[in-house]
Amino acid sequence: MSAAREIAGKHALVTGGGSGVGKAIALALAEADVAVTICGRRDAALAEVAKENGRIFAITADVTDEAEMAALYEKAEAARGPFDIVVANAGMAGSAPAHKTALADWQRTLDVNLTGAFLTVKPALAGMLARKTGRIVFVASTAGLKGYAYVAPYVAAKHGVVGLMRALAVETATSGVTVNAVCPGFVETDMLEESIARIVEKTGRSAEDARASLAATNPQGRFIQPEEVASAVLWLCSDASRSITGQAISVSGGETW
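Keep in mind it's a predicted model, so treat the numbers as computed, not measured.

(A) Looking closely at the side chain of Thr 172. Among the structural elements, Thr 172 can be located in the loop between helix 6 (152-171) and strand 6 (177-184). Discounting chain neighbours no more than four positions away, the residues touching Thr 172 are Leu 129, Val 177 and Val 179.

Following this line, the structure appears as structure tokens:
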């Protein structure tokens, strides 16, 4: 509740806000009386999230397109003021052995997860530095802290996101701006269901077995819930975390630290 009170009245951007973790973060911020601009590529999904809370505003934009992100900033900030909080959450993942990974799949994964994260936060930096305040949070993954088989492009991209976060944290350390990442393990979202479906398709295992094998990577033996990630983000956006910067916070039940 304290964190919620501290950020009331601010303006936040959440990319990939139409589902899963992005939706949970957007709703948590909106419930804390933050004006939240969400973006993504699916109009209908964004509109459905915006209907759930009147403080959420949807703008369709592709995080890999610099011009679209610049236009989003111009439109959203003209309507609701500069972004005080930027949450770079948009992401995607595929699965294949590294030697069978097509260059196009490699590039697309890096474009969305890494370049998209950079293009999400870049337009905010000058204004935050000038105002000497701001919160930037990257939603990375435990894949940014360790390796996993068959998702080499995703692991490389998320390691890049953690590196980007650390570089920006050093650049902004004396400015009043903080830059951090949250690194969830397997989160119970549509993306998880897609991963389970790929395992079933490629291995012939049952969905129940595939689900159990993924849950077992968490020492607590369960999947992370989107709201747990949102709670970590909410805290990182508050004044209580003003001394926390350059950190990759694992939300994984002890899988990584």
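Next comes the rest of the account.
(B) Region of interest: the packing of aromatic side chains. Overall, the coordinates contain two aromatic pairs when judged by the stated rule. Geometrically, the ring pair formed by Tyr 73 and Phe 83 is edge-to-face, given 5.1 Å between the ring centres and 80° between the ring planes. Within this pair, whereas Tyr 73 is found in helix 4 (residues 66-80), its partner Phe 83 is found in the loop between helix 4 and strand 4 (85-88), the two being separated by ten residues in sequence. Here the aromatic rings of Tyr 148 and Phe 186 are separated by 6.2 Å at their centres, their planes lie at 70°, and the arrangement is edge-to-face. Taken together, the positions of Tyr 148 in the loop between strand 5 (134-139) and helix 6 and Phe 186 in the loop between strand 6 and helix 7 (190-203) put the pair 38 residues apart, joining distant regions of the chain.

(C) Representation of helix 6 within the structure. Taking 1.5 Å per residue as the helical rise, helix 6 with its 20 residues ought to reach 28 Å, and the 29 Å between its terminal C-alpha atoms agrees with that figure. Those residues of helix 6 lying buried are Pro 153, Tyr 154, Val 155, Ala 157, Lys 158, Val 161, Val 162, Leu 164, Met 165, Leu 168 and Ala 169. Check the buried side of helix 6 and you find it contacts helix 5 (103-131), strand 5, strand 6 and strand 7 (248-251).

(D) Geometry of the pairing of strand 4. Neither face of strand 4 is left uncovered, since the one carrying Ile 85 and Val 87 and the one carrying Val 86 and Ala 88 both have all their residues buried. With three bridges joining them, strand 1 (residues 11-15) and strand 4 adopt parallel strand pairing. Looking at strand 4, one finds that Val 14 is bridged to Val 87. In the sheet, strand 4 pairs with strand 5 via four bridges, with the strands oriented parallel. Its bridge partner lying in strand 5, Val 87 is registered against Val 137. This β-α-β element, strand 4 to helix 5 to strand 5, shows right-handed connectivity.

Conventions used here
Residues numbered from 1 in each chain as written. Predicted model: local features only at pLDDT ≥ 70, side-chain atom pairs only at ≥ 80, totals over all residues. Heavy atoms only, no water. Helix = DSSP H or I, 4+ residues; strand = E, 2+ residues; numbered from the N terminus. Contact = heavy atoms within 4.5 Å. Phe/Tyr/Trp six-rings, centres within 6.5 Å; stacked < 30°, edge-to-face > 60°. Expected span 1.5 Å × (residues − 1). Buried < 20%, exposed > 50% of the residue type's maximum accessible area, 1.4 Å probe, protein only. Pairing = 2+ DSSP bridges. Right-handed = clockwise from strand over helix to strand, strands pointing away.

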